[in-house]
Amino acid sequence: EAQVTQNPRYLITVTGKKLTVTCSQNMNHEYMSWYRQDPGLGLRQIYYSMNVEVTDKGDVPEGYKVSRKEKRNFPLILESPSPNQTSLYFCASSLGGTSYEQYFGPGTRLTVT
Amino acid sequence: GESVGLHLPTLSVQEGDNSIINCAYSNSASDYFIWYKQESGKGPQFIIDIRSNMDKRQGQRVTVLLNKTVKHLSLQIAATQPGDSAVYFCAENGMNRDDKIIFGKGTRLHILP
């Protein structure tokens, strides 16, 4: 089944404790992206990757890191999480760029206390 | 369910009637527009897209209309069903398909029995 998977689905952590949210797609997509979704603010793009070893900042990259060492994986890293990073995070992928249908993962609910 | 839908504009429609969801976009140079549907507890799901060289595109039970003069996008859903209950987002990106994608805040569609 073609899908985007994220892990973990739910995470409660404390300020400053490094964490990684994994994202994997099995569709051989070139483009992958991370979004955060907050009430009243909609979906905002954090980082995106056009292909392996190519990443770019989205609208809200501060406090996040990403890497794209393999085509299928695009982990989101929070080196020192803070409470304002409490949010719902979505990973998405598409065949090649934002001008193609994006497939979204199921989301990761992160709470930073 | 998730709390991301709080404080959203809500459209209530009788089951079987047609729904029209509107969206104003910001960038007159945007080349590509997409509608997504997000059901409670799930990631956004692609519905339909349209390029700036078109003013109308039809899918199965859905039609997207684009008015570039007033930077307005609409999604029409024919014969609305209970399964159409969701939050609907419009999204846009620029002339270069590498550009970031910008999502609207979303509209909640509520189906009345």
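What counts, and where the lines are drawn
- Numbering of residues starts from 1 in each chain and follows the order in which that chain's sequence is written.
- Written order determines the labels here, with chains lettered from A and ligands numbered from 1.
- The model is predicted, so local features are restricted to residues of pLDDT at least 70 and side-chain atom pairs to those at 80 or more, both for listing and for counting; the totals for chains, interfaces and linings are taken over all residues.
- Side-chain metrics in this entry use all non-hydrogen atoms of the structure; hydrogen atoms and water are not considered.
- Note that a disulfide, as used here, is simply two cysteine sulfur atoms within 2.5 Å.
- Strands here mean DSSP runs of E at least two residues long; helices mean DSSP runs of H or I at least four residues long; both are numbered from the N terminus.
- Residue exposure (1.4 Å probe, protein chains only): buried if accessible area is under 20% of the type maximum, exposed if over 50%, otherwise partly exposed.
- The contact criterion used is simple: two residues touch if any of their non-hydrogen atoms lie within 4.5 Å.
- Buried surface area refers to the total accessible area, computed with a probe of radius 1.4 Å, that the two partners give up upon joining, counted for both partners together.
- By definition here, a salt bridge exists when the distance from a side-chain nitrogen of Lys or Arg to a carboxyl oxygen of Asp or Glu is within 4 Å.
- Under the rule applied, a polar contact is a pair of N or O atoms within 3.5 Å (in protein, one hydrogen donor and one hydrogen acceptor; residues adjacent in sequence only if both atoms are side-chain atoms).
- For this classification, the nonpolar set comprises Ala, Val, Leu, Ile, Met, Phe, Trp, Tyr, Cys and Pro, the charged set comprises Asp, Glu, Lys and Arg, and every other residue, Gly included, is treated as polar.

How should I be thinking about the state of the cysteines in this particular structure?
Put plainly, a disulfide is one covalent bond tying together the sulfur atoms of two cysteines. In the structure shown here, the tally under the stated rule is two disulfides over all chains. Each sulfur of the disulfide joining Cys23 of chain A and Cys91 of chain A lies 1.8 Å from the other. A torsion of -75 degrees about the S-S bond marks the disulfide between Cys23 of chain A and Cys91 of chain A as left-handed. Taken together, the residues Cys23 of chain A in strand E3 (residues 19-25) and Cys91 of chain A in strand E9 (residues 87-94) connect sequence positions 68 residues apart. No difference in accessibility class separates Cys23 of chain A from Cys91 of chain A, as the two residues are buried. Covalent S-S linkage joins Cys23 of chain B and Cys90 of chain B, the inter-sulfur distance amounting to 1.7 Å. Around the S-S axis, the bridge from Cys23 of chain B to Cys90 of chain B shows a dihedral of about 40 degrees and counts as right-handed. Within this pair, whereas Cys23 of chain B is found in strand E2 (residues 19-24), its partner Cys90 of chain B is found in strand E8 (residues 86-93), the two being separated by 67 residues in sequence. Across the pair, Cys90 of chain B and Cys23 of chain B agree in class, each one buried.

I tried to follow the interface of chain A and chain B on my own but got confused; where do I start?
Interfaces are often sized by the accessible area lost when the parts come together. With 28 residues of chain A at the contact, the number on the chain B side is 25 residues. Carbon and sulfur atoms make up 52% of the surface buried where chain A meets chain B, a total of about 2200 Å² over both sides. Seen at the junction of chain A and chain B, the total is zero salt bridges. Where chain A meets chain B, there are one residue pair in polar contact (both at pLDDT 80 or more). Among the secondary structure elements, those contributing two or more residues to the side of chain A that touches chain B are strand E4 (31-38), strand E5 (42-51) and E9 of chain A. A per-element tally of the side of chain A that touches chain B places E5 of chain A first, with five residues. When the residues that make up the side of chain A that touches chain B are grouped by side-chain class, the tally is twelve nonpolar, eleven polar and five charged.

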